[in-house]
Amino acid sequence: QLQLVESGGGLVQPGGSLRLSCVVSGGAMGDLAVGWFRQPPGKERGGVSCISATGGTSVNADFVQGRFTISRDNARNTVTLQMHNLKPEDTAVYFCAAGAYSGWVDRCSPHEYPYWGQGTQVTVSS
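Note that the coordinates shown come from a computational prediction; the quantities given were computed from them, not determined experimentally. For every chain, the first residue of the written sequence is number 1, and numbering continues from 1 onward in sequence order. It should be noted that, the model being predicted, local features are given only for residues of pLDDT at least 70 and side-chain atom pairs only at 80 or more, the latter also being counted only at that level, while totals for whole chains, interfaces and linings use all residues. Water and hydrogen atoms play no part in the side-chain values, which are based on all heavy atoms of the structure.

Visitor: Is there a simple way to think about the pairing of strand β1 (residues 3–7) in this case?
Guide: Regular strands place their side chains on alternate faces of the sheet. Accessibility here uses a 1.4 Å probe with only protein chains present; expressed as a share of the type maximum, an area under 20% marks a residue as buried, one over 50% as exposed, and anything in between as partly exposed. Only DSSP runs of H or I with at least four residues qualify as helices, and only runs of E with at least two residues qualify as strands; both kinds are numbered from the N terminus onward. Of the two faces of β1, the one holding Leu4 and Glu6 is buried and the one holding Gln3, Val5 and Ser7 is not buried anywhere. Any two strands with at least two DSSP bridges between them are considered paired. The pairing of β1 with strand β3 (residues 18–25) spans five bridges and is antiparallel. When the sheet's bridge partners are listed, Ser7 is paired in β3 with Ser21.

Visitor: What should I look at first to understand the pattern of salt bridges in this one?
Guide: A pair can form between side chains of opposite charge whenever their charged atoms are brought close. A pair is scored as a salt bridge if a Lys or Arg side-chain nitrogen falls within 4 Å of a carboxyl oxygen belonging to Asp or Glu. By the definition in use, this model includes four salt bridges. The salt bridge involving Arg67 is made with Asp90; its shortest N-O contact spans 2.7 Å. Residue Arg67 is found in the loop between β6 (58–60) and β7 (68–73), and its partner Asp90 is found in the loop between β8 (78–83) and β9 (92–99); the two are separated by 23 residues along the sequence. Summarising the burial analysis for this pair, Arg67 and Asp90 share the class buried. Between Arg107 and Glu112 there is a salt bridge, and its shortest N-O distance comes to 2.9 Å. For Arg107, a relative accessible area of 47% puts it in the partly exposed group. Residue Glu112 is classed as partly exposed on the basis of its relative accessible area, which comes to 26%. Taken together, the shared-partner salt bridges in this structure form one network comprising Arg38, Arg67 and Asp90.

In structure tokens:
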């Protein structure tokens, strides 16, 4: 059974940074595209950043604006989202999710990722 566990969320001031980590178990990392998604209060879940199984390609949502970087270490079964210059509108529950895609990634849609972690809360507030 594929499992994903997020960590690293918390309370941060505007302009601050957080690093979110997702540890994947029960699957071959080389066969799994992984994405970070977020759900603000009262809004639907949307893509933040997705990365291909090898790490060779990634896509970011427009609101990232160069502030976030997704990376993966397949040997350690870990996918990371490094976030800088956080804004209050970044407040949301952040999820990592995986899909059985071994090729390149050109989209970051939650509907294409069937395996989900439990989420970690990110709150950006002064």
